[in-house]
Amino acid sequence: MRFSLDNDVPSISYISDVTGECVAMSPDPDGFYSVSLKAGDGILLKAADNYSFALKDEANLFYLNKAIAAAESLDPAMYKPCGKEEFSEALAEAKRVAADGAVTQVQADNARAALVKAQGVLKRLAGDGVNLALHKAVSAVNSYEEGTFFSRAYLTDGINVSVYQCTHAGWSVDPFSGIGPEDPVELSVDLEEPYLLNKIVLKPCIFNSGASFPRDFKLCVSKDGETWTETASAEGVKLTEAIDLNYAFEPVEGRYVKLTITRHSGQTDKTGTSLSQIGELEVYGTELNGSESVVL
Ligand SMILES: [Ca+2]
């Protein structure tokens, strides 16, 4: 335990729990005193007879200051207006709390939690490197929802690593669905807002080096989820490594993205079901108002 004294105490000692004797203490160069405590133990301190004092908690501001630094590193111009005012207020309050010499740990923790929460609400403007599909809802009639390695949600979870590092492998055809090699399967993603879309990236599953990636498919975008514009198609894809497949196209307004598989990977589950599996689907574009200059 390290502590300081508010006033000029003539001398301070601690009572040794071994000998029962007073042991004189000296401050370190910063003016702090230190005593060693075992877990759950306390310690008796002794000061000059004519002085009384009380120990007080000193809040640990490490994580609050870390959250403030992270918040201040954001460029507000990169974010949509929604939530920015609340974020700005939470940041100002966090800085005020961090600068308050009498702040308690609870106040510091609350200020940090409020700041992290406000930051989590912010939404990036579409632009270079901003994956618009990240954490967006995926619709798929055929999906293996076993929840550990495969789920439709893992198609847009931002995770695409080997199963040795993480259990989220991606989306998979349900091996118990019994579909044949050319039975079509559709996957769609709702981006929640319309954008001027210009690129879709498909990332094969890492764990089998892309061997279960579909052979034939097409990519479409739509403004309303009903009328679709085809932006790319592929035939005869056969991967031996999990390389990203980039499909860039002339900008098209859209809120929904659909992948239609018309021929599966060629891998067959032991159930006899034809398999397709994809690690991640990413979507890129710009804001509809065109105010962002974007280089892809
Ligand atoms: Ca994923």
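Residues numbered from 1 in each chain as written. Predicted model: local features only at pLDDT ≥ 70, side-chain atom pairs only at ≥ 80, totals over all residues.

> Teacher, can you tell me more about the packing of helix α2 (residues 84-99) against helix α3 (residues 105-121) here?
For any two helices packed against each other, one specifies the inter-axial angle together with the distance between the axes. Two numbers describe how α2 lies on α3: the axes approach to 9 Å, and their chain directions differ by 160°. The angle between the axes of α2 and α3 places the two elements in the roughly antiparallel class. α3 is crossed by α2, and the crossing has left-handed handedness. Residue-level contacts link Glu-86, Phe-87, Ala-90, Leu-91, Glu-93, Ala-94 and Val-97 of α2 to Gln-107, Ala-108, Ala-111, Arg-112, Ala-114, Leu-115, Ala-118 and Gln-119 of α3. Here the contact of α2 with α3 is built from residues that sort into 10 nonpolar, two polar and three charged. (Axes fitted to C-alpha atoms, helices over the stretch in contact; angles between N-to-C directions. Helix = DSSP H or I, 4+ residues; strand = E, 2+ residues; numbered from the N terminus. Parallel < 35°, antiparallel > 145°, perpendicular 65-115°, else oblique. Left-handed = near helix turned anticlockwise from the far one by under 90°. Contact = placed C-beta atoms within 7 Å. Nonpolar A, V, L, I, M, F, W, Y, C, P; charged D, E, K, R; others polar.)

> Got a minute to help me understand the domain arrangement of the chain in this structure?
In many reports, interface size means the accessible area that the parts give up when they come together. In terms of domains, the chain is made up of domain 1 (1-56), domain 2 (62-121) and domain 3 (138-286). On a C-alpha basis, the centres of domain 2 and domain 3 stand 37 Å from each other. (Domains from an automatic or database assignment.)

> Can you help me understand the pairing of strand β8 (residues 185-203) in this one?
Bridge count between strand β6 (residues 138-140) and β8: three bridges; the pairing is antiparallel. From the neighbouring strand, Ser-139 faces β8, where its bridge partner is Ser-188. When β8 meets strand β11 (residues 245-263), the two strands line up antiparallel, connected through 13 bridges. Pairing of Leu-202 across the sheet is with Leu-245, part of β11. (Pairing = 2+ DSSP bridges.)

> Where do I start with the pairing of β11 in this structure?
Here is the key point about a regular strand: its side chains alternate between the two faces of the sheet. By the bridge criterion, seven bridges tie strand β9 (residues 216-222) to β11 in an arrangement that is antiparallel. Counterpart to Leu-219 in the pairing with β11 is Leu-259.

> Mind showing me how you'd approach the environment of Phe-213 here?
Relative to the assigned elements, Phe-213 resides in the loop between β8 and β9. Residue classification places Phe-213 among the buried residues on the basis of 29 C-beta atoms within 10 Å. The spatial distance from the C-alpha of Phe-213 to the C-alpha of Lys-223 is 27 Å, given a sequence separation of 10 residues. (Buried ≥ 20, exposed ≤ 12 C-beta atoms within 10 Å, placed from the backbone.)

> Explain the nonpolar core to me, please; I cannot follow it from the model alone.
As a rule of thumb, soluble globular proteins bury nonpolar side chains together. Val-189, Val-257 and Val-283 are the most contacted members of the largest nonpolar core, which has 37 residues in total. Every element with two or more residues in this core is listed here: β6, β8, β9, β11 and β13 (280-286). Every residue in contact with Val-189, bar those within four places of it in the chain, is listed here: Ala-133, Lys-136, Val-138, Thr-156, Tyr-256, Val-257, Leu-281 and Val-283. Counting residues in hydrophobic clusters, the runner-up holds 11 residues, among them Leu-64, Ala-90, Ala-111 and Ala-118. (Core = buried A, V, L, I, M, F, W, Y, C linked by C-beta atoms within 7 Å.)

> Is there a simple way to think about the environment of Val-103 in this case?
Here Val-103 shows up in the loop between α2 and α3. Given 18 C-beta atoms within 10 Å, Val-103 falls into the partly exposed group. Along the sequence, Val-103 and Leu-61 sit 42 residues apart, while their C-alpha atoms lie 9.3 Å from each other. Setting aside residues no more than four positions away along its own chain, Val-103 makes contact with Ala-59, Val-97 and Ala-108.

> Looking at this structure, how should I read the sheet that holds strand β3 (residues 22-24)?
One key point about sheets: their strands pair by backbone hydrogen bonds, in either a parallel or an antiparallel sense. An order of β3-β2-β5 is seen for the three strands of this open sheet, with the pairing classed as antiparallel. Looking at strand neighbours, the two that pair on one side only are β3 and β5 (45-47), the edges of this open sheet. Across the sheet, the mean angle separating the axes of adjacent strands is 35° when strand polarity is ignored. Two elements, strand β2 (residues 12-15) and β5, share three bridges in a ladder whose sense is antiparallel. Within β5, the residue paired with Tyr-14 across the bridge is Leu-45.

> Got a minute to help me understand the confidence of the model for the chain in this structure?
Fine structural detail should not be taken from predicted coordinates in areas where pLDDT scores are low. Looking at the chain as a whole, the pLDDT averages 90, with 94% of positions reaching at least 70. For the chain, per-element mean pLDDT is lowest for β5, which scores 79, and highest for β9, which scores 98. Predicted confidence is poor over residues 292-296, with pLDDT under 50, and the contacts of this stretch with residues over four places away or in other chains come to 13 contacts. (pLDDT = per-residue confidence, 0-100.)

> It is not clear to me how α2 should be interpreted in this structure. Could you clarify?
An α-helical turn contains 3.6 residues, so a residue and the one three or four places further along point in the same direction. With 16 residues, α2 ought to run about 22 Å at 1.5 Å a step, and its terminal C-alpha atoms sit 23 Å apart, in line with that. Listed in full, the buried residues belonging to α2 are Phe-87, Ala-90, Leu-91, Ala-94 and Val-97. Buried residues in α2, looked at end-on, bunch into an arc of 125°, giving them a common side. Seen from the open side of α2, the exposed residues pointing more than 90 degrees away from its buried face are Glu-85, Ala-92, Arg-96 and Ala-99. (Expected span 1.5 Å × (residues − 1). Arc of directions from axis to C-beta.)

> Got a minute to help me understand unusual backbone geometry in this structure?
Trans is the common state for peptide bonds, and a negative phi is the common state for residues other than glycine. With phi around 65°, His-135 is a residue other than glycine that occupies positive phi space. Topologically, His-135 is positioned in the loop between α3 and β6. At Glu-192, a position not held by glycine, the phi torsion is positive, near 75°. With respect to the helices and strands, the residue Glu-192 is situated in strand β8. Residue Glu-192 is classed as exposed on the basis of its 12 C-beta neighbours within 10 Å.

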